[in-house]
Amino acid sequence: MNRKLLYGSLAKIYDMIYSGKKYVSETKKIISVFKKFKVLTVLDVGCGTGTHASILVNHGFEVTGIDSSKSMIKLCKKKVKNKNAKFYIKNMVDFNFNNKFDACICLFSTILYNTTNEDLIKCIKNIRKHLKAKGIFIVVFSTPLSFTPRTELIKGTKFETRKHDFFKPELQKIISKNEYFEYSSRRKLGEDTSIKRILFPQEAKFFLKQAGFSTIEEKTKKRSDRISTTLIARGD
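Because the structure is a prediction, the values reported are computed rather than measured. (Residues numbered from 1 in each chain as written. Predicted model: local features only at pLDDT ≥ 70, side-chain atom pairs only at ≥ 80, totals over all residues. Heavy atoms only, no water.)

(A) Region of interest: the layout of surface pockets. Reported here for the second largest pocket is a volume of approximately 180 Å³. Lining the second largest pocket are 13 residues, and of these Glu62, Thr64, Lys86, Asn99 and Phe101 lie nearest its centre. Broken down by secondary-structure element, the contributors of at least two residues to the lining of the second largest pocket are β1 (41–45), β2 (62–67) and β3 (85–89). (1 Å grid on protein atoms, 1.4 Å probe; cavity = no way out; pocket = protein on both sides within 12 Å on 5 of 7 lines; lining within 4 Å. Points joined across faces, edges and corners; volume = space filled by probe spheres on them. Helix = DSSP H or I, 4+ residues; strand = E, 2+ residues; numbered from the N terminus.)

(B) Region of interest: the pattern of salt bridges. For the structure shown, the criterion picks out 15 salt bridges. Measuring nitrogen to oxygen at the nearest pair gives 3.0 Å for the salt bridge that ties Asp102 to Lys132. Residue Asp102 is found in strand β4 (residues 101–106), and its partner Lys132 is found in strand β5 (residues 131–144); the two are separated by 30 residues along the sequence. On the basis of relative accessibility, which here comes to 40%, the residue Lys132 falls in the partly exposed class. One continuous salt-bridge network, built from bridges that share partners, spans Arg150, Glu152, Asp165 and Arg226. (Salt bridge = Lys/Arg side-chain N within 4 Å of Asp/Glu carboxyl O. Buried < 20%, exposed > 50% of the residue type's maximum accessible area, 1.4 Å probe, protein only.)

(C) Broad picture of a positive patch on the surface. Together, Lys22, Lys29, Lys221 and Arg223 make up a positively charged patch on the protein surface. With a relative accessible area of 59%, Lys22 lands in the exposed category. (Patch = residues over 30% accessible without salt bridge, like charges linked within 9 Å, V, L, I, M, F, W, Y side chains within 5 Å. Areas by Shrake-Rupley, 256 points an atom, 1.4 Å probe, with all protein chains shown as cover. Lys, Arg positive; Asp, Glu negative; His and termini not counted. Charge placed at Lys NZ, Arg CZ, Asp CG, Glu CD.)

As structure tokens, then:
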């Protein structure tokens, strides 16, 4: 994965680039699940700049966030100044804590950066290891409906992103090239390239089962070019 630009030098404007993302409504849905299962402690895998974590701690949850980006974690600590929020630079495949959590969230297709089956099952098993007996795992990811090249324009408040996706059949991967522009000057701030795996809901449920989870709810939202899937799983 080569996302050094977005998660490094452009990390400070990450929130503005994705200002159109519906963080509040997303987190409200998560909170409704947490209340149902009496969740108090949450592990946020791939926490980014900590926006979801910030909303969760403001609703009384204790959140531990991990991200492989030093720049992102630095921003988390600046943004979320709450004793119930802690952030660490850790990889989602091999992170380790001595304590266990009531629930884990892995959002924004972060799980897809595990581009091999080996890394994916290691990641999910590691999450399971860090949850209590009947711990809750919420994972959200997108699956393309078409494997033809596509370009998407993502508009923020001050910046826009031109996202170019290409499917590589020989790799069974999606290659995404993102270009970032400033509205006022039309100046190109930079670009980055990322590689994500293809993951279908039935595959994800299989990997969850292999790691010791049972899927208790599946939600899909069809868009023009992709299906967004939310899986809610519980430890066996």
